[in-house]
Amino acid sequence: MSLPVIFCDFDGTITETDNIISLMKAFAPPEWEPVKEDILSHSISIKEGVSKLFSLIPSSKKDEMIQYLMETAVIREGFKEFVDYTKVNEIPLYIVSGGVDFFVFPLLKEFGPFKAVYCNEAIFNDSNITIHWPYPCDVHCENKGCGCCKPSILRALSLEDHEVIVIGDSVTDIEMAKLGDTVLARDYLARTCEEKEIPYQPFETFHDCIKVIEKGVTI
């Protein structure tokens, strides 16, 4: 029997909006928008793009940015119940995020603990923000610029006897979705799964995710 294990994206998945985009709209100069388009068009890597985005913001804005997201970020409906469901059924829940530690951990604090949380790290020592990448691409990753490389994280874990459930919404989740046995997708990831003929289940709330997992996984 395959044991279920869940890998869930953060920005735009656990939260209703992408927190990096929210921060750019609130704190970055207009130059951020062409960088975003370059990321989405794959003209530059996610790693290069996110580095460029945060380099536009002064480090002195750290506390203001955290406070802004704590006041404005909305957790997707059903997430608390979803986390409780995984705990009751002893399903390992990994959070894998292309986001950054200074906002990922505060926003997740009341819902944990999780099996693990993987994300990028911000350094505020210089005048502008720099990003550190503790989870780089492995030799099997074709992109070589993921930043927080989600498929490399999956490959580093022993998952041969597990039913891998992937939940996500964006460009950072595409390669991870290719490795999933069950994929729950919305927004950009759902459209890409259709284009690339990756089987997936749509979702809008985490109640939807619970229903899909209950149907498809023997616990």
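A few points on the structure. In this text the structure is predicted, and so the values were computed from the model without any measurement. (Residues numbered from 1 in each chain as written. Predicted model: local features only at pLDDT ≥ 70, side-chain atom pairs only at ≥ 80, totals over all residues. Heavy atoms only, no water.)

## Some points on the overall build of the chain
Across its full length, the chain carries ten helices and seven strands. The C-alpha atoms of the chain give 17 Å as radius of gyration, which agrees with the globular expectation for 219 residues (17 Å, within 12%). For the chain, the C-alpha atoms occupy an extent of roughly 55 × 35 × 30 Å along the three principal directions. Counting over 219 residues, the chain shows a buried share of 52%. Across the chain, contacts joining residues at least 24 apart in sequence account for 59% of those joining residues at least 6 apart. Approximately 10700 Å² of the chain is accessible, and the part contributed by carbon and sulfur atoms is 49%. Computed over 20 positive and 36 negative side-chain charges, the separation of the two mean positions in the chain equals 1 Å. (Helix = DSSP H or I, 4+ residues; strand = E, 2+ residues; numbered from the N terminus. Rg over C-alpha atoms; globule rule 2.2 N^0.38 Å. Buried < 20%, exposed > 50% of the residue type's maximum accessible area, 1.4 Å probe, protein only. Contact = heavy atoms within 4.5 Å. Areas by Shrake-Rupley, 256 points an atom, 1.4 Å probe, with all protein chains shown as cover. Lys, Arg positive; Asp, Glu negative; His and termini not counted. Charge placed at Lys NZ, Arg CZ, Asp CG, Glu CD.)

## Regarding the sheet that holds strand 4 (residues 130-132)
Backbone hydrogen bonds hold the strands of a sheet together, and the pairing may be parallel or antiparallel. Spatial strand order, 4-3-2-1-5-6-7: seven strands in an open sheet with mixed pairing. The open sheet is flanked by strand 4 and strand 7 (201-202), the only strands paired with a single partner. Here strand 3 (residues 116-123) pairs with strand 4 via three bridges, running antiparallel. Within strand 4, the position partnered with Glu121 by the bridge is His132. (Pairing = 2+ DSSP bridges.)

## Details of the nonpolar core
Residues Phe54, Phe82, Phe103 and Ile167 are the most contacted members of the largest nonpolar core, which totals 75 residues. With near-sequence residues (within four places) excluded, Phe54 lies in contact with Ile20, Leu23, Met24, Val100, Phe102, Phe103, Ile129 and Ile131. (Core = buried A, V, L, I, M, F, W, Y, C linked by side-chain atoms within 4.5 Å.)

## Points about the packing of helix 1 (residues 19-27) against helix 3 (residues 46-55)
In contact at an axis separation of 10 Å, helix 1 and helix 3 are set at 35 degrees when each is read in the N-to-C sense. Seen along the crossing, helix 1 lies across helix 3 with a hand that is left-handed. Residue-level contacts link Ile20, Leu23 and Met24 of helix 1 to Val50, Leu53 and Phe54 of helix 3. Here the residues of the contact of helix 1 with helix 3 sort into six nonpolar, no polar and no charged. (Axes fitted to C-alpha atoms, helices over the stretch in contact; angles between N-to-C directions. Left-handed = near helix turned anticlockwise from the far one by under 90°. Nonpolar A, V, L, I, M, F, W, Y, C, P; charged D, E, K, R; others polar.)

## Comments concerning the packing of aromatic side chains
On inspection of all chains with the given rule, the structure shows twelve aromatic pairs. Taking 5.6 Å as the distance between ring centres and 90 degrees as the angle between the ring planes, the aromatic pair formed by Phe27 and Tyr68 counts as edge-to-face. Of the two residues, Phe27 sits in helix 1 while Tyr68 sits in helix 4 (residues 62-72), which places them 41 residues apart along the sequence. Consider the rings of Phe82 and Phe206, whose centres lie 5.0 Å apart with planes at 45 degrees: the pair is tilted. Of the two residues, Phe82 is situated in helix 5 (residues 79-88) and Phe206 in helix 10 (residues 206-216); the sequence distance between them amounts to 124 residues. When sorted by exposure, Phe82 lands in the same class as Phe206, which is buried. Each residue in the set Phe79, Phe82, Phe111, Phe114, Phe203 and Phe206 is aromatic and connected to the rest through ring pairs, giving one cluster. (Phe/Tyr/Trp six-rings, centres within 6.5 Å; stacked < 30°, edge-to-face > 60°.)

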